[in-house]
Amino acid sequence: MSRKKRQVEIEEKESAAKAGKRFRRIAAVAAVLVIGVCLTAGVFARWNSVASVVPQPVHPALPDPSPILSKELIYAGSRLLSVEDAGAQGLTGTDLAVWRLSGSAANWYVLGSSGVVGAAWGLPDDKPAPGDFDGDGKTDFCVFRPSSGTWYFIRSTDGGYSGVAFGATGDIPVPADFDGDGRADLALYRPSNQTWYWINSGDGATPSSQFGTSGDVPIPSDYDGDGRADIAVWRDSAATFHILQSASNSLRSVAHGQSTDKPAVGDYDGDGKTDLAVFRTNGDWLILESAANTVTVVNWGLSTDVLVPGDYDADGKTDIAVWRNDGSWYIRHSHNNSLYSAVFGQAGDFPVPAPYRR
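Quick notes on the rules
- Residues numbered from 1 in each chain as written.
- Predicted model: local features only at pLDDT ≥ 70, side-chain atom pairs only at ≥ 80, totals over all residues.
- Heavy atoms only, no water.
- Helix = DSSP H or I, 4+ residues; strand = E, 2+ residues; numbered from the N terminus.
- Buried < 20%, exposed > 50% of the residue type's maximum accessible area, 1.4 Å probe, protein only.
- Contact = heavy atoms within 4.5 Å.
- Areas by Shrake-Rupley, 256 points an atom, 1.4 Å probe, with all protein chains shown as cover.
- Polar contact = N/O pair within 3.5 Å; in protein donor to acceptor, adjacent residues only side chain to side chain.
- Pairing = 2+ DSSP bridges.
- Phe/Tyr/Trp six-rings, centres within 6.5 Å; stacked < 30°, edge-to-face > 60°.
- Lys NZ or Arg CZ within 6 Å of the ring centre and 35° of its normal.
- Lys, Arg positive; Asp, Glu negative; His and termini not counted.
- Salt bridge = Lys/Arg side-chain N within 4 Å of Asp/Glu carboxyl O.

> So what exactly am I meant to see when it comes to the overall build of the protein chain here?
What the protein chain contains, in helices and strands, is one helix and 26 strands. Classification of the 358 residues of the protein chain by burial places 39% in the buried group. Taking all contacts inside the protein chain whose residues are at least 6 apart in sequence as the whole, residues at least 24 apart take part in 35%. If you sum the accessible surface of the protein chain, you get close to 18,700 Å²; carbon and sulfur atoms cover 56% of it.

> I'm lost on the environment of Pro173 in this one. Help?
Residue placement: Pro173 occurs in strand β10 (residues 172-173). Along the sequence, Pro173 and Lys127 sit 46 residues apart, while their C-alpha atoms lie 7.7 Å from each other. Apart from the residues lying within four places of it in its own chain, the contact partners of Pro173 are Lys127, Ala129, Phe144, Trp151, Ala187 and Leu188.

> Before we go on, may I ask you to explain the environment of Asp267 in this structure?
Of note, Asp267 is situated in the loop between β18 (262-263) and β19 (276-279). It is 9.5 Å that separates the C-alpha atoms of Asp267 and Pro309, two residues lying 42 residues apart in sequence. When residues no more than four places from it in sequence are discounted, the contact partners of Asp267 are Gly272, Lys273, Thr274, Asp275, Gly316, Lys317 and Thr318. Within the structure, Asp267 has its side chain in polar contact with the backbone nitrogen of Gly272 (distance 2.9 Å).

> What is the right way to read the sheet that holds strand β17 (residues 250-255) from this model?
Whenever strands of a sheet pair, they do so through backbone hydrogen bonds, lying parallel or antiparallel. Pairing in this open sheet of four strands is antiparallel, and the strands run β14-β15-β16-β17 from one edge to the other. The open sheet is flanked by β14 (217-218) and β17, the only strands paired with a single partner. Bridge analysis of strand β15 (residues 231-235) against strand β16 (residues 240-245) gives five bridges, and the strand direction is antiparallel. By the bridge assignment for β16, Ala232 is matched with Ile243.

> It is not clear to me how the packing of aromatic side chains should be interpreted in this structure. Could you clarify?
The description of two aromatic rings rests on the distance between their centres and on the angle between their planes. Evaluation of the coordinates by the stated rule reveals eleven aromatic pairs. With a centroid separation of 5.2 Å and 55 degrees between ring planes, the pair formed by Tyr189 and Trp196 is classed as tilted. A relative accessible area of 1% means that Tyr189 is categorised as buried. Note that Arg332 overlies the ring of Trp300, its terminal NZ or CZ placed 5.4 Å from the centroid. Taking the ring centre of Phe141 as reference, the NZ or CZ of Arg358 above it sits at 4.9 Å.

> Which parts of the structure should I look at to understand the sheet that holds strand β21 (residues 294-299)?
In spatial order, the strands read β18-β19-β20-β21; together these four strands make up an open sheet with antiparallel pairing. Every interior strand has two partners, whereas the edge strands, β18 and β21, have only one. Inspection of the sheet shows β18 paired to β19 by two bridges, in the antiparallel sense. Paired with Pro263 across the strands is Val278, a residue of β19.

> Where do I start with the pairing of strand β8 (residues 150-154) in this structure?
As a general feature of sheets, a regular strand has side chains that alternate between the two faces. Across the five residues of β8, four count as buried, placing the element largely inside the fold. Looking at chain direction, strand β7 (residues 141-145) and β8 are connected through five bridges and run antiparallel. Counted as the bridge partner of Phe141 is Ile154 from β8. Turn length for the β7-β8 hairpin, with the two strands adjacent in sequence and antiparallel, is four residues, and the turn residue Gly149 shows positive phi of about 60 degrees. Looking at chain direction, β8 and strand β9 (residues 161-165) are connected through five bridges and run antiparallel. Paired with Trp151 across the strands is Val164, a residue of β9. Counted between consecutive antiparallel strands, the loop separating β8 from β9 contains six residues, among which Gly159 sits at a positive phi close to 80 degrees.

> Where do I start with the side chain of Asp319 in this structure?
Tracing the backbone through its elements, the reader meets Asp319 in the loop between β22 (306-307) and β23 (320-323). There is no salt bridge for the buried Asp319, and the closest opposite charge comes from Arg332, which lies 8.6 Å off by N-O distance. A distance of 3.2 Å separates the side chain of Asp319 from the backbone nitrogen of Asp313, its partner in a polar contact. A distance of 2.8 Å separates the side chain of Asp319 from the side chain of Ser334, its partner in a polar contact. Setting aside residues no more than four positions away along its own chain, Asp319 makes contact with Tyr268, Pro309, Gly310, Asp311, Tyr312, Asp313, Ile331, Arg332, His333 and Ser334.

Structure below.
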């Protein structure tokens, strides 16, 4: 074979080898791409399959009533300005709440920081008696049933419910922390014999104390600042507060107001002691502040309003507040003296404001 012919054959073999290598590289790349596409498709298909079975959040309808939020009334000099906050979520501290009788049942509705929550709890003949019975800082839904002398409450700690036989027909429920352990005690005032009965949540003891006269209004609260509720009454016939102070076990009697006034006690000056206060039919609040021993007069509300003082702005001071039977709340914030109004509830409801923190 000539040298020229051999050279041609060698070049042809080298060319074929190079072509084969290029084909194999292209085939390998193509295979990788195909596998990648398949894997990618498989991953997305699997993700979509998983996503399709993830439960979607359920948004139950708000219980009636839906709140109408929130109108802030602010005094600027001599002018009254109104600012609407469409996205407001209600007040902090004491929550707006109502107890509603509906047919043969009763329902609680609370306007909390996250919206409206509610619970069916109680019967038409029950008396609402909310309090923090489990000591978690949240008020529990509770009713007292006079017909059987039984308390029924839902614990906010675990959602469980309990019933305690304690009391009789005609008793007035007055739950308060009499033993100073941070939990509300089941307590009753019996007008028929002017006697107080309660169960200490700390040790289960069942003390009693005869205190008051016929026609007195029971108003237990911590008037001496020792961390325990004091037995106390408002006697409208003499326009006098009578308090059995737990710190000294001594009687304190203070004439304040008129016989037609209503008691409206609360810690308005934020000193840790409940202040003596009354509401007059002309709309005046007369507050005897314990810190300065001075009387402050504020005109707020109508004679037919229900008094609902509480710490709505969470500043440690009781705010002057009333509830009107059309479902309107009118509150004076103590931290900046601004005026707040909201519609929450309806005619026939019982206002039961408290720090439910739901």
